[in-house]
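# Report on the structure
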Amino acid sequence: MALLEIVKYPEPVLHAVGKPVERFDDELKKLVADMFETMYDAKGVGLAAPQVNVSQRLFVMDVPDEEGKSNKIIAVNPEIIYVEGEQIGDEGCLSFPSIYVPIQRNQRAILRAQDAAGNWFELDGENLAARCVLHETDHCDGIVFLNRMTKLKREMAKRKIKKLQKTGQWE
Ligand code: NI
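Residues numbered from 1 in each chain as written. Predicted model: local features only at pLDDT ≥ 70, side-chain atom pairs only at ≥ 80, totals over all residues. Heavy atoms only, no water.

Our focus in this paragraph is helix α2 (residues 127–140). Residue pairs three or four apart in sequence face the same way in an α-helix, which turns once every 3.6 residues. In a regular helix each residue adds 1.5 Å, so 14 residues correspond to 20 Å; α2 covers 20 Å between its end C-alpha atoms and thus fits that length. Counted residue by residue, α2 has eleven buried out of 14 residues, so it is predominantly covered. Buried within α2 are the following residues: Ala130, Arg131, Cys132, Val133, Leu134, His135, Glu136, Thr137, Asp138, His139 and Cys140. Immediately downstream of α2, the backbone of Gly142 shows phi near 75°, a positive value. (Helix = DSSP H or I, 4+ residues; strand = E, 2+ residues; numbered from the N terminus. Expected span 1.5 Å × (residues − 1). Buried < 20%, exposed > 50% of the residue type's maximum accessible area, 1.4 Å probe, protein only.)

A few words now on the pattern of salt bridges. Applying the stated rule across the entire model yields nine salt bridges. The salt bridge partner of Lys30 is Asp34, with a shortest N-O separation of 2.7 Å. Taken together, the residues span about one helical turn, with Lys30 and Asp34 both in helix α1 (residues 26–41) at a distance of four residues. The exposure class of Asp34 is buried, given its relative accessible area of 5%. Ionic pairing is found between Asp138 and Arg105, a salt bridge with its closest N-O pair at 3.1 Å. One end of the pair, Asp138, is in helix α2; the other, Arg105, is in strand β5 (residues 101–105), and 33 residues separate them in sequence. One network of salt bridges, in which partners are shared, links Glu91, Arg105, Arg131, Asp138 and Arg148. (Salt bridge = Lys/Arg side-chain N within 4 Å of Asp/Glu carboxyl O.)

Okay, the environment of Lys43 next. By secondary structure assignment, the location of Lys43 is in the loop between α1 and β1 (46–48). According to the relative accessible area criterion, Lys43 is exposed, its value standing at 74%. Between the alpha carbons of Lys43 and Leu94 there is a distance of 8.8 Å; along the sequence they are 51 residues apart.

A word on α1. Between the first and last C-alpha of α1 there are 22 Å, a value that for 16 residues agrees with the 22 Å anticipated at 1.5 Å per step. Among all positions of α1, only Leu28, Leu31, Val32, Asp34, Met35, Phe36, Thr38 and Met39 are buried. Packed against the buried residues of α1 are β1, β2 (58–62) and β3 (72–84). Just downstream of α1 lies Lys43, where phi reads positive at about 60°. (Contact = heavy atoms within 4.5 Å.)

Protein-derived ligands of the nickel ion are Cys93 (SG), His135 (NE2) and His139 (NE2), with the metal-ligand distances lying across 2.1 to 2.2 Å. Of note, the donors binding the nickel ion are all from one chain and are spaced C-x41-H-x3-H. Of the two residues, Cys93 is situated in the loop between β4 (87–91) and β5 and His139 in helix α2; the sequence distance between them amounts to 46 residues. The same class applies to Cys93 as to His139, namely buried. (Donors = N, O, S within 2.8 Å, 3.2 Å for Na, K, Ca; no water.)

Looking at chain direction, strand β6 (residues 108–114) and strand β7 (residues 120–126) are connected through seven bridges and run antiparallel. Residue pairing for β7: Arg112 is matched across the bridge by Glu122. The turn joining β6 and β7, which pair antiparallel and follow one another in sequence, is formed by five residues; a positive phi near 95° is taken by Gly118. (Pairing = 2+ DSSP bridges.)

Ranked by internal contacts, the top residues of the largest apolar core, which has 17 residues, are Tyr9, Phe96, Ile99, Phe145, Leu146, Met149 and Trp170. When residues of this core are traced back to their parent elements, those giving at least two are β5 and α3 (151–166). Among the elements that make up this core, the one with the highest residue count is α3 (three residues). (Core = buried A, V, L, I, M, F, W, Y, C linked by side-chain atoms within 4.5 Å.)

Structural data, given as structure tokens:
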């Protein structure tokens, strides 16, 4: 396994729609293993392929259950097939280090995706799990969480990023 470099906003790959994954081979399994290692190393709960400079529709996540037990999910070619309700809570992104902003998301989301072997499954998530699948599926569509902020929060986040870029803290 290997740690991958996480690209930061505004790298163009973060704003591109990922290509569907067609081959469920060893290369995909290696990418998934490296993405998990990279995500855990960065202390994230989700990581999408575009964030490691791979413009494909795939993400990994691990939102622990109430007892803190690990819950590894590999979602290839993800689609959100059902949403309901609303939640507002602080959200972060490994491609936007130190930016945490309250964002409105659905309270519940059902994800349909393939595992690393190509088998389709559905995941019915609430609260943080719903927030995470919505955030990561957005990445596969070239949408970053800036796009989900209110205009005011977005302007504040952009100003903070500019400052960090100027002082060399956004490399
Ligand atoms: Ni993200």
